[in-house]
Amino acid sequence: MTKTPAAEGGGEALAGAPEADPGRLMARFLSGRPPATARAYAADLEDFARCQDTPPEEAVRALLLDPGSARRRLLEYAVDLRRRGLAPATRRRRLATLRAL
């Protein structure tokens, strides 16, 4: 893959990298999955975005473009999931969904 200057942050990004279009990445991530799984994963992405107070595409973009910030965002999200009293299996699945991106 060819490296090109990143649109933000002054770093380099791989040409054609998914962070250029998080909406497409999300659609590709959900496609081909059983309907119930795709709905659950989409709900997980939406829940993360709500926690970040941003649309899902922007929440995904933030995760992909800034690894340092992504760690902090994911930790805050994990704390929020626990604070809300969600079952451990639900918390694990929601975090696994984000890792799978």
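Here the structure is shown first, and the text comes after it.
Keep in mind it's a predicted model, so treat the numbers as computed, not measured.

Participant: Looking at this structure, how should I read the overall build of the protein chain?
Facilitator: Along the protein chain, the regular secondary structure elements total five helices and two strands. Walking the protein chain from its N terminus toward its C terminus, one meets helices and strands in the order β-β-α-α-α-α-α. Taking all 101 residues of the protein chain together, 29% fall into the buried category. Put simply, 47% of the contacts in the protein chain that link residues at least 6 apart link residues at least 24 apart.

Participant: Honestly, the packing of helix α1 (residues 22-30) against helix α3 (residues 56-65) in this entry has me stumped. Any pointers?
Facilitator: The relative placement of two packed helices is expressed as an angle between their axes plus a distance between the axes. In the contact formed by α1 and α3, the axes pass within 8 Å of each other and the chain directions differ by 95°. The angle between the axes of α1 and α3 places the two elements in the roughly perpendicular class. Together, Pro22, Gly23, Leu25 and Met26 of α1 and Pro56, Glu57, Val60, Arg61 and Leu64 of α3 make up the contact between the two elements. Its residues placed into classes, the contact of α1 with α3 shows six nonpolar, one polar and two charged.

Participant: What is the right way to look at the environment of Asp21 in this model?
Facilitator: Note that Asp21 resides in the loop between β2 (12-14) and α1. Since its relative accessible area comes to 32%, Asp21 is described here as partly exposed. Sequence spacing of Asp21 and Arg61 is 40 residues, and the spatial spacing of their C-alpha atoms is 7.9 Å.

Participant: Before we go on, may I ask you to explain α3 in this structure?
Facilitator: An α-helical segment advances 3.6 residues per turn. Residues three or four places apart therefore align on the same side. Taken residue by residue, α3 has Ala59, Val60, Ala62 and Leu63 as its buried positions. All buried residues of α3 fall inside an arc of 155° around its axis, so they share one side.

The rules behind each value
- Residues numbered from 1 in each chain as written.
- Predicted model: local features only at pLDDT ≥ 70, side-chain atom pairs only at ≥ 80, totals over all residues.
- Heavy atoms only, no water.
- Helix = DSSP H or I, 4+ residues; strand = E, 2+ residues; numbered from the N terminus.
- Buried < 20%, exposed > 50% of the residue type's maximum accessible area, 1.4 Å probe, protein only.
- Contact = heavy atoms within 4.5 Å.
- Axes fitted to C-alpha atoms, helices over the stretch in contact; angles between N-to-C directions.
- Parallel < 35°, antiparallel > 145°, perpendicular 65-115°, else oblique.
- Nonpolar A, V, L, I, M, F, W, Y, C, P; charged D, E, K, R; others polar.
- Arc of directions from axis to C-beta.

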